[in-house]
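Here is how the chains run, residue by residue.
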Amino acid sequence: MAFPKNFLWGGAVAANQCEGAYREDGKGLSMPDMLLGGDVNTPRTFCPTIEDGVFYPSHEAIDFYHHYKEDIALFAEMGFTCFRLSINWARIFPNGDDAEPNEAGLAFYDAVFDECKKHGIEPLVTLSHYEIPWAIVTKYHGFYNRETIELYVKYATTCFNRYRDKVKYWLTFNEINMPVMEPFMGNLYGVGIVQDADLNRTAPCKFPELIDIPQQRLQALHNEFVASARAVIEGHKINPNFKIGNMICHITWYPLTPNPKDMLEDQRKDSICNDICGDVQVRGAYPYFAKKYYQSLGVDTSFMDDENDKKILREGVVDFYTFSYYMSNCVTVDPNVEEVKGNMMGGAKNPYLKASDWGWQIDPDGLRWTLNKLASRYPDTPIMVVENGFGAFDKVEADGSIHDDYRISYFREHIRAMGEAVEDGVPLIGYTTWGPIDLVSAGTGQYAKRYGFIYVDRHDDGTGDFSRSRKDSFYWYKKVIASNGADL
Ligand code: BGP
């Protein structure tokens, strides 16, 4: 396998899914702090108040906040050269609009980056990984309000200045395309919009009736694009050596049949889900079909014509393209075919693929397909796969070992497919697996959906002592990194 020299190998986490310490050292609440656990069939309950006796998985998560030295040492033992993590916005600006940043929050990430450096690990930092401060949701109505652009730019430049010499690789927003794909995740996690007049209610938590207003969701997404582009522009002024990227949740779609109607539907899905955001952030402008699509949802698109915004988008294009890849899905116009319904995106069942216990279809060749598609759509743009992984139930044997051969086989095939894409000529610069250590699932809030090479003793009933142990996949990934992807 011809992975380039200096290829970045590592793993990726998000603050809200691993740190815990949700009120420590001055941290404010952020959106995920208001979500309870669910499972593959039960969506997460949204709870706009913090209530006694209710289990919020993110509040303690895996307690990375107090275990980061141990965890980074374990990553170093596997040979990581890169660690993707996010800064929790509400640790830096607890109320979103504070005049001064919270020094204790800034100091925590100093310590984390110093620890990475000690082990020769390059941090890749996501500024916003579904962690919008709760106060911005309640007071500003998330990114629907243009003032939130200013709050984000202030937060981003605070981080750029503080970590100017410690961090080179940045991502502006995690999975920024969620609002064009999935209204629930897109509103709550993506743009921070909750349509609920009774946010301070004391009644028991319930699943919110999702009120989705496309005008608000898509206008808020536009504001995120502007915020991201402004961050890119400001970041390059602060340190011209910064590499600032986007991050797309790439859902790879196939037509279920060669019926031209399926082909058209497939093209439509791919364009909407993946290409609108990719084009804005890499090419600096909306693709031709975006306006018509928004208008078909009844959206007044005049915000897309603002000349000043257009200029910012053109000037704030990213330095590299990154994406998450877990699965592929099929599309068809035939309403009678069997569906796979994951806890997020679903589609028609692909007869050639198996799925995880959460209904995510396993498709390594789809990763090669996707990398080639991206390389041809965005020529001369370095690409990085910043999330890829296999959520599964793990069994701890009597002697404490965990034989996760299913996870090894998932990664083996996906790394093989990436190597093939490199041989095809794709300018791939790095790979961070999702959840190198078990953490809270974003989609379901479960601990039981485990991704790690490192097991964490923590469970959905809130028990566990947070101890860490190495799974079989830990030793396997170490070998892969040591051989630069040759020994699979
Ligand atoms: C991505 C998110 C991550 C992560 C991952 C796995 O969409 O960026 O935060 O959680 O999906 O999803 P889940 O946790 O639902 O299994």
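Calculation criteria
- Residues numbered from 1 in each chain as written.
- Predicted model: local features only at pLDDT ≥ 70, side-chain atom pairs only at ≥ 80, totals over all residues.
- Heavy atoms only, no water.
- Buried < 20%, exposed > 50% of the residue type's maximum accessible area, 1.4 Å probe, protein only.
- Helix = DSSP H or I, 4+ residues; strand = E, 2+ residues; numbered from the N terminus.
- Pairing = 2+ DSSP bridges.
- Near = heavy atom within 4 Å.
- Polar contact = N/O pair within 3.5 Å; in protein donor to acceptor, adjacent residues only side chain to side chain.
- Areas by Shrake-Rupley, 256 points an atom, 1.4 Å probe, with all protein chains shown as cover.
- Nonpolar A, V, L, I, M, F, W, Y, C, P; charged D, E, K, R; others polar.
- Expected span 1.5 Å × (residues − 1).
- Bend = angle between axes of the 7 residues up to and from the residue.
- Phe/Tyr/Trp six-rings, centres within 6.5 Å; stacked < 30°, edge-to-face > 60°.
- Lys NZ or Arg CZ within 6 Å of the ring centre and 35° of its normal.

Asks: How should the pairing of strand β8 (residues 321-324) be read in this particular structure?
Replies: Residues Y321 and F323 line one face of β8 and the alternating positions T322 and S324 line the opposite face, and both faces are buried. Where strand β6 (residues 248-249) meets β8, two bridges bridge the pair, whose relative direction is parallel. Across the sheet, the residue bridging to C249 is S324, located in β8. Two elements, β8 and strand β12 (residues 383-387), share four bridges in a ladder whose sense is parallel. Across the sheet, T322 pairs through a bridge with M384, a residue of β12.

Asks: In this structure, what is going on with the site of the ligand? I would like to understand it.
Replies: Among the 14 residues in the neighbourhood of the ligand, the closest are listed as Q17, E175, A442, K449 and Y451. Within the side chain of E387, an N or O atom sits 2.9 Å from an oxygen atom of the ligand. Protein burial of the ligand: of its 380 Å² of free accessible surface, 99% is covered by the chains. Residue composition of the shell around the ligand, grouped by class: five nonpolar, six polar and three charged.

Asks: For this particular structure, what's the right way to read helix α3 (residues 64-78)?
Replies: Owing to its 3.6 residues per turn, the α-helix brings residues three or four apart onto one side. For α3, built from 15 residues, the straight-helix expectation of 21 Å at 1.5 Å per residue is missed by more than 12%, its first-to-last C-alpha distance being only 18 Å. The largest bend in α3 comes to about 40°, at E70. Taken together, the buried positions of α3 are occupied by F64, Y65, H67, Y68, D71, I72, L74, F75 and M78. G79 sits one or two residues past α3 and shows a positive phi near 95°.

Asks: I keep staring at the packing of aromatic side chains and nothing clicks. Help me out?
Replies: To describe a pair of aromatic rings, you give the distance between the ring centres and the angle between the ring planes. In this structure the tally under the stated criterion is 44 aromatic pairs. Plain terms: the ring middles of W358 and F393 are 4.7 Å apart, the flat faces sit at 35° to each other, and that makes the pair tilted. In this pair, W358 is assigned in the loop between β11 (346-348) and α14 (364-377) and F393 in the loop between β12 and α15 (405-424), connecting sequence segments 35 residues apart. In this structure W358 comes out as buried when scored by relative accessible area, which is 1%. Between Y410 and F411, the aromatic rings sit 5.8 Å apart at their centres with planes inclined by 90°, giving edge-to-face as the arrangement. Looking at Y410, the relative accessible area reads 4%, which means it is buried. Owing to a relative accessible area of 0%, F411 belongs among the buried residues under this scheme. Across from the ring centre of W253, 4.6 Å away, lies the NZ or CZ of K269, which sits over that ring. Sitting over the ring of F474, R470 keeps its end group 5.4 Å from the ring centre.

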